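# Per-entry structural report
Listed here are the chains, written in short residue letters.
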Amino acid sequence: MRKWTIPSVLFLLCLLFLLPDQGRRIQANAEAESDVPVDPPKVEEKFGAIPHGLSTDSDVVKRESESMSRKTLRADAEKFEFQAEVSRLMDIIINSLYSNKDIFLRELISNASDALDKIRFLSLTDKEVLGEGENTKLEIQIKLDKEKKILSIRDRGIGMTKEDLIKNLGTIAKSGTSAFVEKMQTSGDLNLIGQFGVGFYSVYLVADYVEVISKHNDDKQYVWESKADGAFAISEDVWNEPLGRGTEIRLHLRDEAGEYLDEYKLKDLVKKYSEFINFPIYLWASKEVEKEVPTDEDESSDEEETSETSPSEDEEEDDSEKAEDEKKPKTKKVKETTYEWELLNDVKAIWLRNPKEVTEEEYTKFYHSLAKDFSDEKPLAWSHFNAEGDVEFKAVLFVPPKAPQDLYESYYNSKKSNLKLYVRRVFISDEFDELLPKYLSFLMGLVDSDTLPLNVSREMLQQHSSLKTIKKKLIRKALDMIRKIADEDPDESNDKDKKDIEESSADNEKKGQYAKFWNEFGKSVKLGIIEDATNRNRLAKLLRFETSKSDGKLTSLDQYISRMKTGQKDIFYITGASKEQLEKSPFLERLTKKNYEVIFFTDPVDEYLMQYLMDYEDHKFQNVSKEGLKLGKDSKAKELKESFKELTKWWKGALASDNVDDVKISNRLADTPCVVVTSKYGWSANMERIMQSQTLSDASKQAYMRGKRVLEINPRHPIIKELRERVVKDPEDESVKQTAQLMYQTALLESGFLLNDPKDFASRIYSSVKSSLNVSPDAAVEEEEDVEEPEAETDDKEAAAKDDSDAKDEL
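Structural notes, computed from the coordinates. Bear in mind the structure is a predicted one, so any value in this text is a computation, not a measurement. (Residues numbered from 1 in each chain as written. Predicted model: local features only at pLDDT ≥ 70, side-chain atom pairs only at ≥ 80, totals over all residues. Heavy atoms only, no water.)

Across the nine residues of strand 4 (residues 207-215), eight count as buried, placing the element largely inside the fold. Looking at chain direction, strand 4 and strand 7 (residues 246-253) are connected through eight bridges and run antiparallel. From the neighbouring strand, Glu-211 faces strand 7, where its bridge partner is Arg-250. Looking at chain direction, strand 4 and strand 5 (residues 221-226) are connected through six bridges and run antiparallel. The residue bridging Lys-215 from the neighbouring strand is Gln-221, located in strand 5. Taking the residues between adjacent antiparallel strands as the criterion, strand 4 and strand 5 are bridged by five residues. (Buried < 20%, exposed > 50% of the residue type's maximum accessible area, 1.4 Å probe, protein only. Helix = DSSP H or I, 4+ residues; strand = E, 2+ residues; numbered from the N terminus. Pairing = 2+ DSSP bridges.)

A few words on the packing of aromatic side chains. By the definition in use, this model includes 20 aromatic pairs. Measuring from centroid to centroid gives 6.2 Å for Trp-284 and Tyr-339, while their planes differ by 20°, and the two rings are stacked. Residue Trp-284 is located in strand 8 (residues 281-294), and its partner Tyr-339 is located in strand 9 (residues 331-343); the two are separated by 55 residues in the primary sequence. The class of Tyr-339 is partly exposed, set by a relative accessible area of 48%. Taking the centre distance of 6.1 Å and the plane angle of 40° together, the rings of Trp-351 and Phe-366 count as tilted. Taken together, the positions of Trp-351 in the loop between strand 9 and helix 11 (360-371) and Phe-366 in helix 11 put the pair 15 residues apart, joining distant regions of the chain. In this pair, the class of Trp-351 matches that of Phe-366, namely buried. By way of ring pairs, the aromatic residues Trp-351, Phe-366, Tyr-367, Phe-398 and Tyr-422 are connected into one cluster. Over the ring of Tyr-596 we find Lys-565, and its NZ or CZ is 4.5 Å from the ring centre. A cation sits over an aromatic face here: Arg-724 above Phe-644, 4.3 Å from the ring centre. (Phe/Tyr/Trp six-rings, centres within 6.5 Å; stacked < 30°, edge-to-face > 60°. Lys NZ or Arg CZ within 6 Å of the ring centre and 35° of its normal.)

The subject of this paragraph is the packing of helix 26 (residues 734-750) against helix 27 (residues 758-772). At a closest axis distance of 10 Å, the pairing of helix 26 and helix 27 adopts a crossing angle of 125°. Classed by the angle they form, the pair helix 26 and helix 27 counts as oblique. Crossing of helix 26 against helix 27: the hand is left-handed. Residue-level inspection shows Gln-738, Gln-741, Leu-742, Gln-745, Thr-746 and Leu-749 of helix 26 in contact with helix 27, the latter providing Asp-760, Phe-761, Arg-764, Ile-765 and Ser-768. Across the contact of helix 26 with helix 27, the residue classes tally to four nonpolar, five polar and two charged. (Axes fitted to C-alpha atoms, helices over the stretch in contact; angles between N-to-C directions. Parallel < 35°, antiparallel > 145°, perpendicular 65-115°, else oblique. Left-handed = near helix turned anticlockwise from the far one by under 90°. Contact = heavy atoms within 4.5 Å. Nonpolar A, V, L, I, M, F, W, Y, C, P; charged D, E, K, R; others polar.)

Turning to the sheet that holds strand 16 (residues 571-575), a few remarks are in order. The mixed open sheet is built from five strands, whose spatial order is 15-17-16-19-18. Lying at the two open borders of the sheet, with one neighbouring strand each, are strand 15 (546-547) and strand 18 (615-616). Summarising the sheet, strand 15 and strand 17 (residues 599-601) pair through two bridges and their orientation is antiparallel. From the neighbouring strand, Thr-547 faces strand 17, where its bridge partner is Ile-599.

This next bit is on the nonpolar core. One finds Val-399 and Leu-474 to be the most contacted residues of the largest nonpolar core, which totals 79 residues. Ignoring any residue separated from it by four or fewer positions in sequence, one finds Leu-474 in contact with Phe-385, Phe-393, Ala-395, Leu-397, Leu-419, Leu-435, Leu-436 and Val-447. (Core = buried A, V, L, I, M, F, W, Y, C linked by side-chain atoms within 4.5 Å.)

Where like charges cluster on the molecular surface, the positive patch consists of Lys-569, Lys-620, Lys-630 and Lys-680. Here Lys-680 is to be found in the loop between strand 21 (674-678) and helix 23 (685-692). (Patch = residues over 30% accessible without salt bridge, like charges linked within 9 Å, V, L, I, M, F, W, Y side chains within 5 Å. Areas by Shrake-Rupley, 256 points an atom, 1.4 Å probe, with all protein chains shown as cover. Salt bridge = Lys/Arg side-chain N within 4 Å of Asp/Glu carboxyl O. Lys, Arg positive; Asp, Glu negative; His and termini not counted. Charge placed at Lys NZ, Arg CZ, Asp CG, Glu CD.)

Here it is as structure tokens:
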């Protein structure tokens, strides 16, 4: 045993020395074979204080380069699938043939601006949310890596938590997607993508791999990444430099998107789309500078040999000056490339400038930036003003060239506002519905007040008394702006001034602008008359409509009044489904013959409008399809009334079951025998039709609102005269009663009413046709003879037999 003890000890000692070295070799080989470090180094906490994120730490640079060049999802990341709507949207964007891919940059800058607005708003009540050092600088930074083809955009905004990344970048509202897809199908234009809340996905127009690195104050730093293949991944970020707070988006550009690695291209895009963003936008740009460097001795000696000899006067220079020149080192100028942050949007906030100094082009650019509408169309009008007094504020209002598709779909339920509120240049909110009434919600704009408090909650600010004053002034300015569109439109001028205007400016850009406004936003003006009693008269001046004399052009109430006949006191109008239908209405016969002008109201909202617009400029409105129409005095009115007294009394009794209140002599008919009118304060025929078409209408309650029906007869019509003679001869004649009933039902239809019993009306028509064709009223319809069909039965039997044989064959 003893002779084995010493060798055993020596053997164990050798093993102890060999094993650690072998372990190190195994670990080295494993690290060489793996792309992902076994134990990745943790990031230092104080990196956030490094200016502009320009770290020189070699480990951080190495980790960033590995992360940024891989274009593959991290192996240890948590994988998710995109929402179906997002996948559909991304598929449209990726496969789009849309040529203008520039929009991706403006969308990312816009999103970064929104994130900065949010953190600045939170800082009003809690300054600590901004942090310290570089984090307090609310700015947007753009950086390029031409070698790796990476474009990165960073903001120091509110940032996103892990849940925010999943929610904001993995799912979107279905309504926004549907509206965007519908727009794409109709126009094929991605230019308005930002208006639907899906602007982030425009990155896939230029990138095939995207990383979103984000740090929220309430969470760790995470990386969201996707290759637009239907999935995305999220992992805790231990690779990149700490952001401190905010978001950085890295776009790994496609080969065909190399143009966006050009600094001049990016500068032009920012200038074009994001010039008026309310935060500084910086680009890490190259710059060539001339620098003096010492020359080599060889170069200096060569220069001396090649230089020409100086004249004799130079040889006589002072010895002191020669001595000084000899002491100075010889240098040369060399161009050197340096990099620095270059501010791209140095334009002062447009609303703070003097309106006289702002050009039309600048207003148009600001509108496009504000509305995220980058089409070629200019806003129809704008108003830039400063309000002074108890409440001081500056404001810019715009009338968009087109109405949003969903402007009236959820009019009373939507809380969307297009007006941004700033307090001392600090963005507060764009969700205030107290600054403008609902009917003006289509206006785009911005309000910046110096008198509103900053350090209060949004709810308290919404109830602040100063908002009422601001709202009052904004409404007045908005209505003046809209009226100015009409005042400057040559088509809106009076006929006397029209020729002069056309001669002075044949190609006037403002021609037809108000008609364009009315076609887009006319319903908003009508809703304003219904909702805003204070400004009802102002809004009434903005009303436009077609009339029986307008020849298809729009007319205002002022123009209508200027054309009224002498002695005419009322403004005549009629409501209906279409202009073509109203032009043939029997209610207009006498009015047209007497040269009266009648307004055509064809929009369903017009029925509600006229319940609130009772008069204008001391002229009352009169519906020509209702009672109370006065067209001057008729000398034979009394005689006619007495002459047809027996007929009217008899006819009223015959229609007792049809809820007819009265039968009268008409003063509005010329060629039609009779017509049905309603009481002055009841529903018109058009209103009844509208209410009956409502989905949730209650038929039992509608009966209370229906006006009493009155049958008006034309005493000069031959049918009415003959009917009077028949009634005088035999009031009990059934054929006369049938005729009277048929005429009433026909008058109902012609007056725009719906029949309660269409079958009864049809039966009366057929009876009248029989009479005109001398067909006996008792003639019956010939009955069809029943004929047996043996062939069909045999065919059925043969088919059944065949089915049985087929079934047996299968068995």
